[in-house]
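# Working through the structure, step by step
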Amino acid sequence: MPDNNSDNSCGKLQLIPVSSLEKIFPDEPCACGSTYEQASMFLNERFSYQLAYYYDGPLLPNVKVTVESPLKPWITIRKTGLVPSEYPCPPLTDDNVLRRVPGLYPDPLYDIPYDFELLPGQWRSLFISVESGCSLPAGTYPVSVFIHTETGSLLGSSTFTITRLDMHLPPQSLCHTEWFHADCIADWYNTEILSDEHFRLMERYIKTAVTYGCNMILTPLFTPPLDTAVGTERPTVQLVEVRLNDGMYSFNMDLLDKWISMCERAGITYFEFSHLFTQWGAKYAPKIILTSEAGRQQLFGWDTPGDSEEYRSFLSQFLPVLSDFVEKRGLKGRCFIHISDEPQTEQGHLPSYQKAKAIVDAFRGCLPVMDALSSYSLYKQCKVDYPVCATDSIQPFLENHAENLWCYYCSAQFRDVSNRFFCMPTARIRILGMQMYKYNIYGFLHWGYNFWYSELSRYPVNPYMVTDASRRYPSGDAFLVYPGENGPVPSLRLEAMGEAIQDMRALYLLESLTSREAALEFLEEGLEAPLTFSSYPADSKWLLDKRAALNRRILEASQRNS
């Protein structure tokens, strides 16, 4: 409860506890539909809420925030920052948005190392999290947050109650990848690509991704041919050293081995090997650098047709070596390979994609193919092992029971379905977990964990100033983390993705205690229409109430089974 016993000599500080699903805009009064003062969590779950605040006095610097709770060792308190959006959403975006206008949007979550300031006449929020590694037993615990002036005078306080439930969520079964752009990290920190310092920084970013449910990583065998203008190139990030002697290629996998060790140390389980052909058509080879006694030179690229004999010969030698490496490294069943991203039948990509896949199929050995493709006819003709379908095109895949089905969304999915633009409610991100549970989705892919470039990678951008790839993708599409001094700064949207996956795990827990039919029936209780990727309750209250009811249903089922 907010505490009214505070020192108002500097101005009045209003504190309101709200859920993690709220977005607090500086110019919009916090108007939550209901009081949010308590919640429950499982023993191995991460839980977060926010403390919205409004200060009506003059600028007050050097304000201190402290917490008193048995949970304190596992609590982090961060300040929600504001970043600009010039391009919030396309004009045909549906009505499930918070705003459509350019301006400042809440998103980055900054650490508070010492103190912060209270700005007059603005609504802001603190983001309060209990880490999943908390070792306290089941029980009910208060979390009291106090805000003091520099001299120690109390400005305000608030207490939230968290009940830790005596059960554990099951391990995550969903494969989840947010495409990791190693070149963006090297550019931002001005470090040599694949140097020890680059690996140190990348490991920090990967550990953060794992914290929020990522367990797969895009692995640049060769520079990924993604989001690159035709005829241009991104900085070289190549983990496989290629040499040529007497017409035969040899491959040094030492850097790839180092990458895999680093990723496993960070908590990654699965590896998706970068695309062997260019995006949007599979017409050309990716940039591949050859190492020789004379130095490094480009071997393949935009001037190499994907179906050329020289590139086919290269793949015929490389892919068996890669497959053998995967088997000897004990990675079989944990590695996937891409051919080309987003081939489109309506743009005539089918013939070139079929040719590319036929080449790869002949030599890929133990490596299954996964690709983003949203045409069911293309999927059927090309027999992709793990299809990754856009959520607004997924219905034919669902109706025909496509095996190993993944889903994704990007800037093009702005009507009806879940997405993560700044302008969208956070509940629109989190609902994805329940949708994926219903349809038993194998994996989720998104292209932008840390894409800090303009559209088509023409030049680097400052993600604190440019959040829309230089006015080409709606703000929120290109990245989930910001670059901090020595590692990533998470976001509200990243937290919501983590919560979506926890919701999914909780539904699988209920299923294990009852049945899949019972879990699905619970999920859709009270809905006027079945839950789908395009039809779902839009408000955060439904999500919060459903998750609270899910926790209760799990406890009831566990007690019946004991």
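Residues numbered from 1 in each chain as written. Predicted model: local features only at pLDDT ≥ 70, side-chain atom pairs only at ≥ 80, totals over all residues. Heavy atoms only, no water.

In this section: empty space enclosed by the protein. This structure, assessed with the given rule, holds 3 cavities of 30 Å³ or more. Lining the largest cavity are Phe180, His181, Ala182, Asp183, Leu218, Pro220, Thr223, Pro224, Leu226, Arg234, Pro235 and Val237. Among the residues forming the lining of the largest cavity, the class breakdown is 8 nonpolar, 2 polar and 2 charged. Estimates place the volume of the second largest cavity at around 60 Å³. Around the second largest cavity sit Glu178, Phe180, Ile206, Ala209, Cys214, Met216, Ile217, Ile268 and Tyr449, which together line it. (1 Å grid on protein atoms, 1.4 Å probe; cavity = no way out; pocket = protein on both sides within 12 Å on 5 of 7 lines; lining within 4 Å. Points joined across faces, edges and corners; volume = space filled by probe spheres on them. Nonpolar A, V, L, I, M, F, W, Y, C, P; charged D, E, K, R; others polar.)

Ordered in space as β13-β16-β19, the 3 strands form an open sheet in which the pairing is parallel. Of all the strands in the sheet, the pair left with one neighbour each is β13 (216-219) and β19 (335-337). When the angles between neighbouring strand axes are averaged without regard to direction, this sheet yields 25°. Sheet analysis places strand β16 (residues 270-273) next to β19, joined by 3 bridges and oriented parallel. (Pairing = 2+ DSSP bridges. Helix = DSSP H or I, 4+ residues; strand = E, 2+ residues; numbered from the N terminus. Axes fitted to C-alpha atoms, helices over the stretch in contact; angles between N-to-C directions.)

For the rest of this paragraph, the subject is the environment of Val388. The topology assignment puts Val388 in strand β21 (residues 386-390). Separated by 79 residues in the primary sequence, Val388 and Thr467 place their C-alpha atoms 26 Å from one another. In this view, Val388 contacts Met370, Asp371, Ala372, Leu373, Trp406, Cys407, Tyr408 and Leu445; residues no more than four positions away in its chain are not counted. (Contact = heavy atoms within 4.5 Å.)

Right, let's talk about the pattern of salt bridges for a bit. For the structure shown, the criterion picks out 37 salt bridges. Note that Arg46 and Glu131 form a salt bridge whose closest N and O atoms lie 2.5 Å from each other. Here Arg46, found in the loop between β3 (38-42) and β4 (47-55), pairs with Glu131, found in the loop between β9 (123-130) and β10 (139-148); they are 85 residues apart in sequence, far enough to count as distant. For Glu495, the salt bridge identified is with Arg46, shortest N-O distance 2.8 Å. Taken together, the positions of Glu495 in helix α9 (residues 492-513) and Arg46 in the loop between β3 and β4 put the pair 449 residues apart, joining distant regions of the chain. According to the relative accessible area criterion, Arg46 is buried, its value standing at 9%. Here the residues in one salt-bridge network are Glu45, Arg430, Glu499, Asp503 and Arg547, joined through shared partners. (Salt bridge = Lys/Arg side-chain N within 4 Å of Asp/Glu carboxyl O. Buried < 20%, exposed > 50% of the residue type's maximum accessible area, 1.4 Å probe, protein only.)

Of the residues in the protein, 98% have a pLDDT of 70 or more, and the chain-wide mean is 96. Low pLDDT, under 50, characterises residues 1-6; the predicted model gives this stretch 14 contacts beyond four residues in sequence or across chains. (pLDDT = per-residue confidence, 0-100.)

Right, let's talk about the nonpolar core for a bit. Trp259 and Phe314 are the most contacted members of the largest nonpolar core, which has 149 residues in total. With near-sequence residues (within four places) excluded, Phe314 lies in contact with Phe222, Val242, Tyr249, Phe251, Ile288, Leu299 and Phe300. Leu15, Met41, Ile75 and Leu126 belong to the second largest nonpolar core, which has 31 residues in total. (Core = buried A, V, L, I, M, F, W, Y, C linked by side-chain atoms within 4.5 Å.)

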